[in-house]
Every structure is written in C-alpha cells, then in structure tokens.
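A look at the structure
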Amino acid sequence: MSQKTKRACKVTALAAALLTAYGPVLAAGPESEVSIGIGNWSDDRPQTGIYDGMRDSGPYFLLDADILKRDDATGTWYGLKARNLGLDDREIKAEWLRQGNIGLSLEYSRIPRDSPWTINTGLQGIGTTTLLVPTPSITPGTGTNVELGTVRDQITAKFFKSLGAGLNFNVSFRNETKEGTRAWGRGGAAEFAVEPIDSTIRQLEALLSYSHEGFQLTGGYYGTSYENANSMVTTSLTSGASPFFLSLPLDNKSHEFFLNGGYNFTPTTRGTFKVSYSQATQDEALGNFGGTASPLAPTHLDGRLDTTMGEIGITSRPMPKLSIVANLRYRDFADKTPVQGIVFNTTGTPTVYNTPFSYTNRIGKLEGTYLLPQAYSLLGGVEYNAQDRTVPSVGTLWVPFRANLDETTYRLQLRKSMSETVNGSLAYLHSDRDGSSYVLPSAGPIPSVGEPNQDRINPMHISDRVRDKWRAMVDWSPAEKLAFQFVIEDGKDTYDGPNTYGLQDGTARLYALDASYQVNSAWQIHAWYSRNETEANEITQRDLTTITKSNKLSEIGDSFGLGVRGKVSDKLKTGGDVEQFRSVNKYSQSISGAVLPATQVPTPDITNTLLRIRLYAQYAVQKNADLRINLIHERWSTDDWSWMMFPASGATPWAYGTTTDGTTVSANAKQDSTFVGVRYIYRF
C-alpha cells in the first residue's frame, strides 16, 4: 500500500468515526451546509501547486461540510467542519460544547509541500539514511526523474471546563508528524543528496484562568518535544569509497511555566504583568561518524537553554485628550550547554568547539497619543532595547562578536479626520543601533584576535544600523458607493561594521491602491494594485584577494487584481477575478582590482510572472440546494537560470559533480493549466 493510500485511509477512518458519533444530532438546529463535487486540472502545475495538494493533472474529489446543531433540551452545541476532504491539504474539526460549562474538540489537518523541481539523478537510496552516489558519473539527463516533497499531519485535541466563580480550565494537545524528502547536498563535494524526513512534534498547553471584576489572572504550562526517527545519513560512492556523514536535527524538548495578569485600578488606568520560565534541552547521543571519531569525543551535547522573562505595563488616560502606554520587559536567555571540544581524529585533540550563546534583553517603551483641535491626533513614542551578549572564550572565532548592543527607536504619527469621507495618517520611525567594540575573527586560539583571515563579512544582525521609515495612508469615499485606500511606505537601512565587506545599505518601498464600487444592490466591483521595490548594496571579496565586487541586488514586484460579484437573477449568482503578478530580480555587479574575463558575462535578470483568472456561477436548483461551477486558468513563467549553465553552445542544465554523480535539476519555464470544477451544495 502506498504512503498516499495509507494517509487517505487514515483520514477517511477518522472522518467516518466523527460522522458516526455525530449522526444522531445532525437532524435539527441552525442551518448547515455540505458540498460535494469533482474537479480536474488539465496540466501539471509544479509551481502553483506547491502547497494545495493538486500538483499533478487529473481529477480531484471535492468535499466540504459546515455543520452546526443544537440540542435545545441540554443547551449543547455540536459542530463539524470539513474542508478539502478529497485533497491533500484536507482539514476536519469536530466540536462539542455545553455553553458556559464544558467543551471539547478534535481536529485533523494535513499540510503538503511538493518541490517544484524535477530532479534527474542516479542517486540510490532516496528516502533512506544510506545514499550511494554513482561513480563514474551518469550522463546528465539519463537518470531517473524523482519528485521530492513533505507532508505534515496534525491532530489537535482541546478541552474546556468552567469551574465556577470566574475560574476556567483549558488544555490542548497537538501531535504533528512530518514525513517525506528534501533536496540536500553531500558536503566536501558538489554531489547531490536527499534528506530523509521522519519526525514528530508534540505540544501540550494547560491554562487555569481567573477573572473577577477588574482583575484577571492566567497561569499555565507549555511543553514541546521533537523526535527524529533518523539521526544521520551515510553517503558514499557506489564503489564504497569516499564515505561522508551528514547529521540530522537532534531530538529535543522544552518546558515553560508562565503567569499573566491584569488589574483595572480605575476606569481609565489598567496595569498588566507577565512572568515566565522555560527550559529547553537536547541530549540525544551523538553519532561516531562511522567509527572515525575519537573515543575521547563527547557522546552527548548536554544542551540546555534557560529563559526567564518578566514584563510590566500600564495603559492610562490621565486626561480626556491624552492616552499613555508604558512597558518594561526583561528577558534572560541563558545557554548552559557546556563548552566541549569536538574531536574528529584519533589523537584526542579537539579541532573545533561548540559556542554556547547567551544574552539578556532590557526593553522599555513609552507611547502617548494626544487629541488636537480640528480632528487631529498626535502619537509619539520611544523604545529602548539594551542587549548584553556573550563572547566565546575558547576555540577559534570565525565571525565577529559584540558584548553589548543597544537600539533606540523613535516614532511619530499624525492622524487627521479630514471629513466624513476622508481620513489620513502620516507616520515616521527612526531607530539607531550601536554597541560595544567588535571582537574580530582570529587565526588561532583566543585571545589571539584581530587577524582578519577568517570571516571578513560584517555581521548584519549586530552591525551599527540606522533605520528610517515613512508611512502615509489615506481613506477616501468620494461617494456613498465608492471607496479608495492609498498607502505609501518608504524605508532605508544603513549599516556600518568593523570590516569593509558585507551589506552596506538597503531600501524598501511600497505603493498600494485599493478600490471598491457598489454598482447597485446586486453587483460589486473591486480592484487593487501594489508595487514593491527592494534594493540592497553589498561589497564582497574574492578568495581573500585584493579583488572586490560591488553588488546591487534589487527586486521589483507589481501586482494587479480586478474582481466582480453579482446576482443575475434570484437564482443565479456569478463572479470572477483576474490577478496578475510580476517580479523582476536584478543583479548589477562591478569588479575592482581585476578585469572581467571575456568569457564571463554580467549576471542576467530573473523575471517571474503569474496570471490567474477565476470565474464561477452558482445556480439555485431548489430552495436549499445550489449547483456551482468553477473555472480557473493559471499561467506561470520564469527565466530563472539558477540551475543552468551557459557555454558557447547554449544553455544546458547544470550537473552535480565532475567524474561522479551527474544529477540535474530542472523545471518547465512555462506552466499553463486550467481547472474545471462542479459542486452540489446542500443546506439543511
């Protein structure tokens, strides 16, 4: 039995069990709805079908339900919701609730993720922890086509109980399994590998809450566990030579206890607080890399992260025209993992060390809003974030570190109600981040620091940064049936780090327009347009030489949509949407210290486009039953060159390896597909 068949049987059995349990109560109460039908995609859609479970062409079964019933004698509600039961991204949820007293629910959902690429490979053992790379290399294109993907199955159970006198108890449990395969790489060589995925995540949350007049208090527990059925992948050539070992995510678990509360001191003043403590551990046995690790190497990481958090806040309106919000937050992230030398040899000499990382955040925020004359309001605020960070004291530094990081953010916003039909706002945000001096990468054991022959890239996340952002918005209703919304955003980041290389600055802009028009009581029209512009400027170095390269990376995205909804008659409703998306990625480059060889050309742009047209018609065949027809057409295209080579003879797929492997990755640059679906909708 295939994995797809097994999963289908699993969800069918669950649905049957729920329907059997709910059968006696589905005969009376509020209106419910069930729809059943069939649809067909004319062609494969690898790109647009990544997440919806309809990647392949062919027929699909359509089944949805929304059932809500009430037992008037006991005041009990019964609910059953199902979505896409015939598809891979299906959901089903059953609820039982005795209002104000007790309730429970059971939910199942499935989230697929199919890779859009077609992989032609001779790799053996895909889906297992033992991979064999072909040697000699296969001729590119002569291997087997494989499609990779993952599936997440979630089962969630929730329970609620009122204990009386403002006291309530809630508990929820989720079990999520993830299975499938994902494209990977064999380190040490440009050879293809596949990660086998078989993991389980469990989450448990329990809450006890109390409320009385102006006082609220909630305390609880939140725990997680992650279990991976695989710990390591062994790869080698088909001849058995060149073994290589790829580590997979290790098992871990966490426990958190928390307490939140609030109190209304006066009708205009409220205080809140939050405290929590959590501990995350990772103690799975480490692999011995096929027996090549030293007996002196650590067998367990003994990983432990302790997080303590406390926050207090107050909101107040001390005057009729003035509102104030203030918060103080403290967070201590303590990495208590012991520093251990990792041994990959038989001498017992550590070659690298793990680097536990701890930090402490202290955040203060003050914000006020004042109502001005002529329907203006002015908001002003400031936020200060101070972070203390640890710096490794043993081993070799490979990236820069900072012991302290401080950031101050100022916010100013002006709102105006210009009339009953026009409202607008203008906001400005400025933040400045700096910190202590940098501890630079070293060539040898610490404290021999400052020799910049390791990583000379500025660390974007801790570099000095100045950020400025503007946002303007206008809502305008020139007529009772017509409305517009305009939004403009502009932001810029400027970075300054200890080295020459890395990200220098970046900008982002957004222009958006939304419009809606009520033609009459039966017809509505809506339209929208947005444009996103992002740009980043960076300087990179070529192989520790004097050759530097300046890169200007940009993306421009344009989106447009137009839709109409209406009633042709009392029995016929119809509508449609047209959506167009287009993005252009540009890679402008210049080199100093060298001349670009004649055989090398500037990096070409990448353009992606998507056109989607959706039409529907719904006809009432009787008072409580409709027939609905859906038509969807998609056209996606790209000139992405990421997996291509451009020799003089013309573009060809790039192949893994030289004398080994031969795997190629490709995708259809133009993908067109049309969907036709018919549903019967029954209400009762």
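1. Digging into the overall build of the chain
Scanning the chain for helices and strands turns up 1 helix and 38 strands. The buried share of the chain, reckoned over its 684 residues, is 35%. Intrachain contacts of the chain at a sequence separation of at least 6 include 62% that bridge at least 24 residues. Total accessible area on the chain is roughly 37000 Å²; 58% of this is exposed by carbon and sulfur atoms.

2. What about the nonpolar core?
One finds Ile-119, Leu-123, Leu-131, Leu-148, Phe-192, Val-194 and Val-233 to be the most contacted residues of the largest nonpolar core, which totals 15 residues. Looking at this core, the elements with two or more residues in it are strand S7 (130-133), strand S11 (191-212) and strand S13 (232-237). Apart from residues no more than four positions distant in its own chain, Leu-131 is found in contact with Leu-123, Gln-124, Gly-125, Ile-126, Ala-193, Val-194, Val-233, Thr-234, Thr-235 and Ser-236. The next biggest cluster of nonpolar side chains, apart from the first, holds 8 residues, and it includes Leu-80, Ala-82, Leu-85 and Ile-92.

3. Quick notes on the sheet that holds S7
Strand pairing in a sheet relies on backbone hydrogen bonds, with the paired strands running either antiparallel or parallel. As summarised here, the arrangement of the 3 strands in space is S7-S13-S14, forming an open sheet in which the pairing is mixed. Edge positions in the sheet fall to S7 and strand S14 (244-247), since each of these pairs with one other strand and no more. Within this sheet the neighbouring strands show an average axis-to-axis angle of 25°, counted without direction.

4. Brief notes about the pattern of salt bridges
Tallying each qualifying case throughout the model produces 35 salt bridges. Between Asp-88 and Arg-110 there is a salt bridge, with the nearest N and O atoms lying 2.9 Å from each other. Residue Asp-88 is located in the loop between strand S3 (76-83) and strand S4 (91-98), and its partner Arg-110 is located in strand S5 (residues 102-114); the two are separated by 22 residues in the primary sequence. The same class applies to Asp-88 as to Arg-110, namely buried. Three or more residues are tied together by salt bridges with common partners; here these are Arg-45, Asp-52, Glu-579, Arg-612, Arg-614 and Glu-634.

5. Considerations on the confidence of the model for the chain
Confidence in the prediction for the chain averages 88 pLDDT; 87% of positions are at 70 or higher. Per-residue pLDDT stays below 50 along residues 1-28; that stretch engages in 32 contacts with residues further than four places along the chain or on separate chains. Per-residue pLDDT stays below 50 along residues 443-453; that stretch engages in 23 contacts with residues further than four places along the chain or on separate chains.

6. A look at the pairing of strand S17 (residues 303-319)
Successive residues of a regular strand alternate their side chains across the two faces of the sheet. Here strand S16 (residues 269-282) runs beside S17; their pairing, made up of 14 bridges, is antiparallel. Looking at the pairing, Thr-272 lines up with Gly-313 of S17.

7. A closer look at the sheet that holds strand S6 (residues 118-121)
A sheet is described by the order of its strands in space; here 3 strands give the open sequence S8-S6-S37, paired in antiparallel fashion. Unpaired on one side and paired on the other, strand S8 (144-146) and strand S37 (664-666) mark the two borders of the sheet. Pairwise comparison of adjacent strand axes, ignoring direction, gives a mean angle of 25° for this sheet. In this sheet, S8 lies alongside S6 in antiparallel orientation, the contact comprising 3 bridges. When the sheet's bridge partners are listed, Ile-119 is paired in S8 with Val-146.

8. What to know about the packing of aromatic side chains
Counting across every chain of the model gives 17 aromatic pairs. Aromatic side chains Trp-41 and Phe-675 sit 5.1 Å apart centroid to centroid with 45° between the ring planes, which places their arrangement in the tilted category. Remark: Phe-675 occurs in strand S38 (residues 670-683) and Trp-41 occurs in strand S1 (residues 33-41); sequence separation between them is 634 residues. As far as the burial class goes, Trp-41 and Phe-675 line up, both buried. Relative to Trp-654, the ring of Trp-643 has its centre 6.3 Å away and its plane inclined at 50°; by these criteria the two rings are tilted. Of this pair, Trp-643 sits in the loop between strand S34 (625-638) and strand S35 (644-645) while Trp-654 sits in the loop between strand S36 (652-653) and S37; the two residues are 11 residues apart in sequence, bridging distant segments of the chain. Ring-pair connections join several aromatic residues into one group, and the members of that group are Trp-117, Phe-192, Trp-643, Trp-654 and Tyr-656. A cation over an aromatic ring shows up here: Arg-402 above the ring of Tyr-438, its NZ or CZ 4.0 Å from the ring centre. Residue placement shows Arg-628 over the ring face of Tyr-616; its charged tip is 4.2 Å from the ring centre.

Reading the values: the criteria
Residues numbered from 1 in each chain as written. Predicted model: local features only at pLDDT ≥ 70, side-chain atom pairs only at ≥ 80, totals over all residues. Heavy atoms only, no water. Helix = DSSP H or I, 4+ residues; strand = E, 2+ residues; numbered from the N terminus. Buried < 20%, exposed > 50% of the residue type's maximum accessible area, 1.4 Å probe, protein only. Contact = heavy atoms within 4.5 Å. Areas by Shrake-Rupley, 256 points an atom, 1.4 Å probe, with all protein chains shown as cover. Core = buried A, V, L, I, M, F, W, Y, C linked by side-chain atoms within 4.5 Å. Pairing = 2+ DSSP bridges. Axes fitted to C-alpha atoms, helices over the stretch in contact; angles between N-to-C directions. Salt bridge = Lys/Arg side-chain N within 4 Å of Asp/Glu carboxyl O. pLDDT = per-residue confidence, 0-100. Phe/Tyr/Trp six-rings, centres within 6.5 Å; stacked < 30°, edge-to-face > 60°. Lys NZ or Arg CZ within 6 Å of the ring centre and 35° of its normal.

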